[in-house]
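If you want the building blocks of each chain, they are given just below.
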Amino acid sequence: MSLNIVVCVKYVPDATGDRGFADDLTVDREDTDGLLSELDEYAVEQALQIAEDADDAEVTVLTVGPEDARGALSKALSMGADKGVHVEDDDLHGSDVMGTSLVLAKAVEQVGYDLVMCGMASTDGEMGVLPALLSERLGVAQVTLLSEVSVEDGTVKGRRDGDAASEQVEASLPAVVSVTDQSGEARYPSFKGIMAAKKKPVESWDLDDLDIEPKEVGLTGAWTAVESAAERPPRTAGTVVKDEGAGGKELAEFLTGLKFI
């Protein structure tokens, strides 16, 4: 039986660069370099491992975003995914996680799936709730925050590690899975993989293709909004306590003044 795996990936601003807000208080993505969210790389890696262990499997990577978001698909395809789907529409600008989960759910249904895989969170929004919202919209089970994952006989199984214990969890397919950054290092794309990715199919869809009204997404349909934003104040020089015989006392007084002790 063929196994259809869809991996949801996101193109995010590079955390090492300067990030800011646009005039409408959405994240400024035009003046910031972007890349595939590192946490989504783990989902791609686990999907590829599951596909390699299956008799017949196909991995589709799915992203929502402006034209540059194709960069996330390119990285995932160079890692070994089979094809990509890019949902791009001007009316998506400003979508929050509720709007994004709606678009992803509609797109996943249109692609066709047995297993949907996600990272544990995006490295820009860091909400970590999209997999749960996606499973609710699709009406299937969710098996989230897994450190190990496998698929066998129509069942997805995995280990979820907590502070005090680890759980073995499973669900019948179809299902939505998210994996943590402890699930295993993602492979580095080879030159052959990078060249092969250029020839892999990538479909482009808009809201009309998914039968979604513009009012359901974007800033208009967002459940959350940023009301104000300000630049982080510059760092100031710290306090230096020189030990000239009374350093211990001065350090204690400094810490006491900050209510650290």
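Anything mentioned here points back to the structure above.
Residues numbered from 1 in each chain as written. Predicted model: local features only at pLDDT ≥ 70, side-chain atom pairs only at ≥ 80, totals over all residues. Heavy atoms only, no water.

A. Region of the structure containing the overall build of the protein chain. Of the regular secondary structure elements, the protein chain holds seven helices and twelve strands. Looking at the protein chain as a whole, 38% of its 261 residues qualify as buried. If you take every contact in the protein chain between residues at least 6 apart in sequence, the share linking residues at least 24 apart comes to 70%. Taken as a whole, the protein chain presents about 15,400 Å² of accessible surface, with 47% of it coming from carbon and sulfur. Of the side-chain charges in the protein chain, 22 are positive and 52 negative, and the distance between the mean point of each set is 4 Å. (Helix = DSSP H or I, 4+ residues; strand = E, 2+ residues; numbered from the N terminus. Buried < 20%, exposed > 50% of the residue type's maximum accessible area, 1.4 Å probe, protein only. Contact = heavy atoms within 4.5 Å. Areas by Shrake-Rupley, 256 points an atom, 1.4 Å probe, with all protein chains shown as cover. Lys, Arg positive; Asp, Glu negative; His and termini not counted. Charge placed at Lys NZ, Arg CZ, Asp CG, Glu CD.)

B. A look at the sheet that holds strand β9 (residues 155-161). The strand order across the open sheet built from three strands is β8-β9-β10, with neighbouring strands paired in antiparallel fashion. Across the chains shown, the open sheet's two edge strands, defined by having one partner strand only, are β8 (148-152) and β10 (166-172). Strand-to-strand twist across the sheet, computed as the mean angle between neighbouring axes with direction ignored, equals 20°. As paired strands, β8 and β9 are joined by five bridges and run antiparallel to one another. Paired with Ser150 across the two strands is Lys157, which belongs to β9. (Pairing = 2+ DSSP bridges. Axes fitted to C-alpha atoms, helices over the stretch in contact; angles between N-to-C directions.)

C. Structural view of the packing of helix α1 (residues 38-53) against helix α2 (residues 70-79). The N-to-C vectors of α1 and α2 enclose an angle of 35°; their axes lie 10 Å apart at closest approach. Crossing of α1 against α2: the hand is right-handed. Two secondary-structure elements touch here, α1 through Glu41, Val44, Glu45 and Leu48 and α2 through Lys75, Ala76 and Met79. Of the residues that constitute the contact of α1 with α2, the class distribution is four nonpolar, no polar and three charged. (Left-handed = near helix turned anticlockwise from the far one by under 90°. Nonpolar A, V, L, I, M, F, W, Y, C, P; charged D, E, K, R; others polar.)

D. Molecular detail of the packing of helix α3 (residues 97-111) against helix α4 (residues 130-138). Viewed as axis vectors pointing N to C, α3 and α4 meet at an angle of 50°, and their least axial separation amounts to 9 Å. Considering the angle they form, α3 stands oblique to α4. The handedness of the crossing between α3 and α4 comes out as right-handed. Between α3 and α4, the residues in contact are Val97, Met98, Thr100, Ser101, Leu102, Leu104, Ala105, Val108 and Glu109 and Leu130, Leu133, Leu134, Arg137 and Leu138, respectively. Residues of the contact of α3 with α4, tallied by class, amount to ten nonpolar, two polar and two charged. (Parallel < 35°, antiparallel > 145°, perpendicular 65-115°, else oblique.)

E. Fine view of a nonpolar patch on the surface. A cluster of nonpolar residues, Leu251, Phe254, Leu258, Phe260 and Ile261, forms a patch on the protein surface that exposes about 520 Å² of accessible area. In this structure, Ile261 sits in the segment after α7 (247-257). (Patch = residues over 30% accessible without salt bridge, like charges linked within 9 Å, V, L, I, M, F, W, Y side chains within 5 Å. Salt bridge = Lys/Arg side-chain N within 4 Å of Asp/Glu carboxyl O.)

F. Structural detail: the sheet that holds strand β12 (residues 202-205). With parallel pairing, the seven strands of this open sheet are ordered in space as β7-β11-β6-β1-β4-β5-β12. The open sheet is flanked by β7 (141-146) and β12, the only strands paired with a single partner. Taken pair by pair, the neighbouring strands of this sheet meet at an average axis angle of 20°, ignoring direction. Where β7 lies against strand β11 (residues 175-179), four bridges are found, and the strand directions are parallel. For Val143, the partnering residue across the bridge sits in β11 and is Val177. On the sheet, α1 packs against β1 (3-8), β4 (57-64), β6 (115-119) and β11 and is oriented at approximately 150° with respect to β6.

G. Spatial organisation of unusual backbone geometry. Looking along the chain, the bond that leaves Leu173 and enters Pro174 is cis, with omega of 5°. Residue position: Pro174 is located in the loop between β10 and β11. Positive phi outside glycine occurs at Asp211, with the angle close to 60°. Turning to its location among the elements, Asp211 is positioned in the loop between β12 and α6 (218-221). The phi dihedral of Lys259 falls on the positive side, at around 65°, and the residue is not glycine. Relative to the helices and strands, Lys259 resides in the segment after α7. Take Lys259: its relative accessible area is 74%, and that puts it in the exposed class.

H. Representation of the pairing of β10 in the model. Alignment of β9 against β10, held across seven bridges, turns out to be antiparallel. Within β10, the residue paired with Thr155 across the bridge is Ser172. Between β9 and β10, which pair antiparallel in sequence order, lie four residues.

I. Examining the pairing of β1 more closely. Within β1, five of the six residues are buried, which leaves the element mostly enclosed by the surrounding structure. Bridge count for β1 against β4 is six bridges, and the pairing is parallel. Among the inter-strand pairings, Asn4 is bridged to a residue of β4, identified as Glu58.

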